[in-house]
Amino acid sequence: MNTHSRIASPPASFLSLEGVCLGYDTPAGLNEIVRDCSVTLARGEIACLLGPSGCGKSTILRAIAGFEPLRAGAIRLNGKTLATPRTALAPERRNVGMVFQDYALFPHLTVAQNIAFGLRGQSRRERDKCVARMLELVGLPLAGAAWPHELSGGQQQRVALARALAPAPQLLLLDEPFSSLDSDLRERLATEVRDILRALNHTAILVTHNMAEAQAMATRIGTMAPGRPVQWVSCA
Ligand SMILES: Nc1ncnc2c1ncn2[C@@H]1O[C@H](COP(=O)(O)OP(=O)(O)OP(=O)(O)O)[C@@H](O)[C@H]1O
């Protein structure tokens, strides 16, 4: 018997943060916000960052997206180095999508135009097909012609998710995407978004203050506290 066949191979690394340190320059010197954040995610994992206000959760997402320089460490995605203290791939070349707390839909564009916004390189036909697929995916198949202000908060957040997923990013970053919603809707939408991401085998990092939300969504939870390395636990 081939003994190697009985050895389970470790999950392939899709996203890795390796000893990442982040901070902001102040007149008094560097204000270090994130000290030594390390984690490796396989494709399809959903990681949640939990921690008190101001501990640096959004700073980590911004660094992955390309909007904060690394003070130490490295970030790699699907075999590509996104950032080290000496090199940084431009945000638009990272293939990373983001969803924020306030939806950030363009008010002067319809729902369909919002979703199509990141698809400018494609033909009209391809764009229309992708928009229809995304609307179906987030449960709003008839909302394409609506304006953002005609939708509820939960519907707008679904459109924001559709817009982020439309260009097929390799990684999705969600910064407290449910926090402006009431608690019932918040719970329902968290579960829906988890199911959508699972169906697509999508890798994502979610920032939240809410432990129940993290437990409902995550395969991995990173707990942050000021000045301490991020502590990661795996969820069943
Ligand atoms: N551009 C900036 N320049 C200087 N300091 C900043 C900047 N952005 C954030 N900070 C500081 O970095 C710290 C971490 O901010 P960050 O937004 O990452 O925290 P957070 O954990 O996401 O907080 P919250 O849960 O309130 O959104 C805060 O003390 C904040 O004041």
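The rules behind each value
Residues numbered from 1 in each chain as written. Predicted model: local features only at pLDDT ≥ 70, side-chain atom pairs only at ≥ 80, totals over all residues. Near = placed C-beta within 6 Å. Helix = DSSP H or I, 4+ residues; strand = E, 2+ residues; numbered from the N terminus. Nonpolar A, V, L, I, M, F, W, Y, C, P; charged D, E, K, R; others polar. Expected span 1.5 Å × (residues − 1). Buried ≥ 20, exposed ≤ 12 C-beta atoms within 10 Å, placed from the backbone. Contact = placed C-beta atoms within 7 Å. Pairing = 2+ DSSP bridges. Axes fitted to C-alpha atoms, helices over the stretch in contact; angles between N-to-C directions. Core = buried A, V, L, I, M, F, W, Y, C linked by C-beta atoms within 7 Å.

Caption draft 1: Just the site of the ligand, in detail. Taken together, the residues surrounding the ligand are Tyr24, Ile33, Gly51, Ser53, Gly54, Cys55, Gly56, Lys57, Ser58 and Thr59. A per-element tally of the shell around the ligand places helix α1 (residues 57-65) first, with 3 residues. Here the residues of the shell around the ligand are counted per class, giving 3 nonpolar, 6 polar and 1 charged.

Caption draft 2: The arrangement of helix α4 (residues 153-165) in detail. With 13 residues, α4 should reach 18 Å at 1.5 Å per residue; the first-to-last C-alpha distance of 18 Å fits that figure. All buried positions along α4 are accounted for by Gln156, Gln157, Arg158, Val159, Ala160, Leu161, Ala162, Arg163, Ala164 and Leu165. On its buried face, α4 sits against β6 (96-99), α2 (111-116), α3 (124-137), β7 (171-175) and α5 (183-199).

Caption draft 3: The arrangement of the sheet that holds strand β9 (residues 220-223) in detail. Judged by pairing direction, the sheet is mixed, and its 6 strands sit side by side in the order β6-β7-β8-β3-β9-β10 without closing on themselves. On the outer flanks of this sheet lie β6 and β10 (231-234), each paired with one strand and no other. Neighbour-to-neighbour, the strand axes of this sheet turn through a mean angle of 20 degrees, independent of strand direction. Bridge count between β9 and β10: 4 bridges; the pairing is antiparallel. Looking across to β10, one finds that Gly222 is bridged to Trp232. Set on the sheet, α4 makes contact with β6 and β7; between it and β6 the angle comes to about 170 degrees.

Caption draft 4: Spatial organisation of the sheet that holds strand β5 (residues 80-83). Read from one edge to the other, the open sheet built from 4 strands follows the order β2-β1-β4-β5, with strand pairing classed as antiparallel. Since the sheet does not close on itself, it has two edges, and those belong to β2 (29-41) and β5, each with one partner. Here the strands of the sheet are splayed against their neighbours by 35 degrees on average, with no regard to which way each runs. Sheet topology places strand β4 (residues 72-77) next to β5; 3 bridges connect them, and they run antiparallel. In the sheet register, Ile75 faces β5, and the bridge partner there is Ala83.

Caption draft 5: Highlighting the nonpolar core. If you look at the biggest cluster of nonpolar residues, it comprises 63 residues, and the most contacted ones within it are Cys48, Ile115, Met134, Ala162 and Leu173. Sorting elements by how many residues they give to this core places α4 first, with 6 residues. When neighbours within four sequence positions are excluded, Leu173 is seen to be in contact with Leu61, Ile64, Ala65, Val96, Met98 and Ile205.

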